[in-house]
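# Close look at the chain arrangement
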Amino acid sequence: RMQEEVRKVLLADARWRKSAGVPDRGGDRKLVESVLRTLPKKWHRIGDAILFAGGRWLTQPHSASPRTGTGPSRQRAAAEAAAEAEDGKLVPSTPPDASSLLSLGPPLWSALRRALHTGGSPVTRIAIQGRVSRGRMRVPGVVVVHDCRGSVPEGDEGGWVTHKEGGVVYRLDITRSMFSAGNGSEKKRVGEICNPGDVVVDLYAGIGYFTLPYLVRGRASHVHACEINPASIEALNQALARNNITKDRCTVYPFDNKDLPVYDVADRVNLGLLPSAEKSYVVAIRALKPQGGFLHVHGNCAESDVDAYAEQVRRKIEGLARGSAANSSGEKDTKSGETDAVDHPGLDPRKQRWIVKIRHIEKVKWYAPRIRHIVVDLECRLPSTNHDQSSKP
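Residues numbered from 1 in each chain as written. Predicted model: local features only at pLDDT ≥ 70, side-chain atom pairs only at ≥ 80, totals over all residues. Heavy atoms only, no water.

### Some words on the environment of phenylalanine 52
Inspection of the secondary structure assignment puts phenylalanine 52 in strand 2 (residues 49-53). Taking the relative accessible area as the measure of exposure, phenylalanine 52 reaches 1% and is therefore buried. For the pair phenylalanine 52 and leucine 39, spaced 13 residues apart in sequence, the C-alpha separation works out to 8.9 Å. (Helix = DSSP H or I, 4+ residues; strand = E, 2+ residues; numbered from the N terminus. Buried < 20%, exposed > 50% of the residue type's maximum accessible area, 1.4 Å probe, protein only.)

If you want it as structure tokens, here you go:
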């Protein structure tokens, strides 16, 4: 659908073709088809901005020649395209980099913006996703390449957007904080499984992906939200205000969750870090009430290993709660016949008696080919407490 809408707008708009040095007559349809072959097939809308993935499509020269196939036919097509380019029908007679999409500039972005406006509030900005930093902050590397707003509302300068999803209002600067559109189903789910009055700990709050649904949709009485990225903390605080969440319902901790001073209060803990949140398992166990509760553990694993991965997480959590690393699997050391005892200061001794069960495995999205992003819902309870299978995980 996007391709068809873009085709209509580009064919009807001569401004962007002129910026490429293309006359109104001749070669315009071929150039449009060339641009459509170059454009990414996927994009995301975040607030009033459209976000395209970055890559070679931005800088590689566009032409009317097919990009697939080999042999004489491809060579002929390339030769024809080169001849047409020399005649000025496809690209201007300037250096190759001037024939890239970036060189077409505002007229092309404006055409794309109009083509991608499918109703509701208008699209006003086009942004390009760069390489995400691999540090703890995961800065997205997004660049806003087009902004048609005349007067910019205070607070919405640069990359700041307001995004509404599932009855929740999010705020973020798309150039400084990550937004995962693929987590929509999980954001909806956490708002449904949370019991009104629950106390929740969100160990990786970000801009409030799950903190906000717990509060707005799940009606949690309080969420303890831990986040280290200053840009995400700023966005979360703005979103809390936009959703009319009072300060007595959410506490934001602006530091590493390993230092989180929250013990024995949570009904559920969210561990939303990929590819694994294992380093925070002990922090999560400490945060749960001594009688138990739920852990929602995110992770990546092969599609064929989902059940085995979930069981590995269960064993690890149960072993840590019982004060035993147990080779990360709850098994005895083959040499000594004993488990490797570990001391976790602040861990309530009642938690050593927990029975940990897998209540649900949620497949959130594909993270990579054959790799799933999943959430393992674990219920931790004392032996004398019934595991009510009818209750929400």
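Picking up where we left off.
### Considerations on the sheet that holds strand 2
A sheet is described by the order of its strands in space; here 4 strands give the open sequence 1-2-3-4, paired in mixed fashion. Lying at the two open borders of the sheet, with one neighbouring strand each, are strand 1 (43-46) and strand 4 (142-147). Across the sheet, the mean angle separating the axes of adjacent strands is 25 degrees when strand polarity is ignored. Alignment of strand 1 against strand 2, held across 4 bridges, turns out to be antiparallel. Bridge pairing links isoleucine 46 to alanine 49 in strand 2. Running at roughly 90 degrees to strand 4, helix 6 (residues 106-115) makes contact with strand 2, strand 3 (125-129) and strand 4 of the sheet. (Pairing = 2+ DSSP bridges. Axes fitted to C-alpha atoms, helices over the stretch in contact; angles between N-to-C directions. Contact = heavy atoms within 4.5 Å.)

### Some words on the side chain of arginine 125
Inspection of the secondary structure assignment puts arginine 125 in strand 3. Judged by relative accessible area, which is 2%, arginine 125 ranks as buried. A polar contact of 2.7 Å, which involves the side chain of arginine 125, links it to the side chain of aspartate 48. Among the polar contacts listed, one links the side chain of arginine 125 to the backbone oxygen of tryptophan 160, at a separation of 3.0 Å. (Polar contact = N/O pair within 3.5 Å; in protein donor to acceptor, adjacent residues only side chain to side chain.)

### A word on the sheet that holds strand 12 (residues 355-368)
Taken together, the 7 strands give an open sheet; going across it, the order is 9-8-7-10-11-13-12, and neighbouring strands pair in mixed fashion. The strands lining the two open edges of the sheet, one partner per strand, are strand 9 (250-253) and strand 12. Strand-to-strand twist of the sheet, defined as the mean angle between neighbouring strand axes without regard to direction, takes the value 15 degrees. Sitting on the sheet, helix 9 (residues 230-242) is in contact with strand 8 (222-226) and strand 9, with an inclination near 170 degrees to strand 9. Its contacts with the sheet put helix 11 (residues 306-321) on strand 11 (292-302), strand 12 and strand 13 (371-381), and the angle it makes with strand 12 is roughly 135 degrees.

### Concerning the packing of aromatic side chains
The final tally for this structure, using the stated rule, is 3 aromatic pairs. On the basis of an interplanar angle of 75 degrees and a centroid distance of 6.1 Å, the ring pair of tyrosine 170 and phenylalanine 179 is categorised as edge-to-face. Here tyrosine 170 matches phenylalanine 179 in class, with each residue buried. Here phenylalanine 179 and tyrosine 209 contribute two aromatic rings whose centre-to-centre distance is 6.3 Å and whose plane-to-plane angle is 50 degrees, an arrangement assigned as tilted. With phenylalanine 179 in the loop between strand 6 (168-173) and helix 7 (184-193) and tyrosine 209 in the loop between strand 7 (199-202) and helix 8 (211-216), the pair connects residues that are 30 residues apart, well separated along the chain. In this structure an aromatic cluster arises from ring pairing among Tyr170, Phe179 and Tyr209. Looking at arginine 381, its charged tip hangs above the ring of phenylalanine 294, at a distance of 5.4 Å from the centre. (Phe/Tyr/Trp six-rings, centres within 6.5 Å; stacked < 30°, edge-to-face > 60°. Lys NZ or Arg CZ within 6 Å of the ring centre and 35° of its normal.)

### Quick word on the pairing of strand 8
Burial analysis of strand 8 places 5 of its 5 residues in the buried class, which makes it a mostly covered element. Where burial is concerned, the two faces of strand 8 agree: the one with His222, His224 and Cys226 and the one with Val223 and Ala225 are both buried. For strand 7 and strand 8, the ladder comprises 4 bridges, and the chain directions are parallel. In the sheet register, valine 199 faces strand 8, and the bridge partner there is histidine 222. At this point the chain moves from strand 7, through helix 8, to the parallel strand 8, and the crossover so formed is right-handed. Examined bridge by bridge, strand 8 and strand 9 share 4 bridges and lie parallel to one another. Looking at strand 9, one finds that cysteine 226 is bridged to tyrosine 253. For the segment spanning strand 8, helix 9 and strand 9, crossover handedness is right-handed. (Right-handed = clockwise from strand over helix to strand, strands pointing away.)

Shape descriptors only; they carry no functional weight alone.
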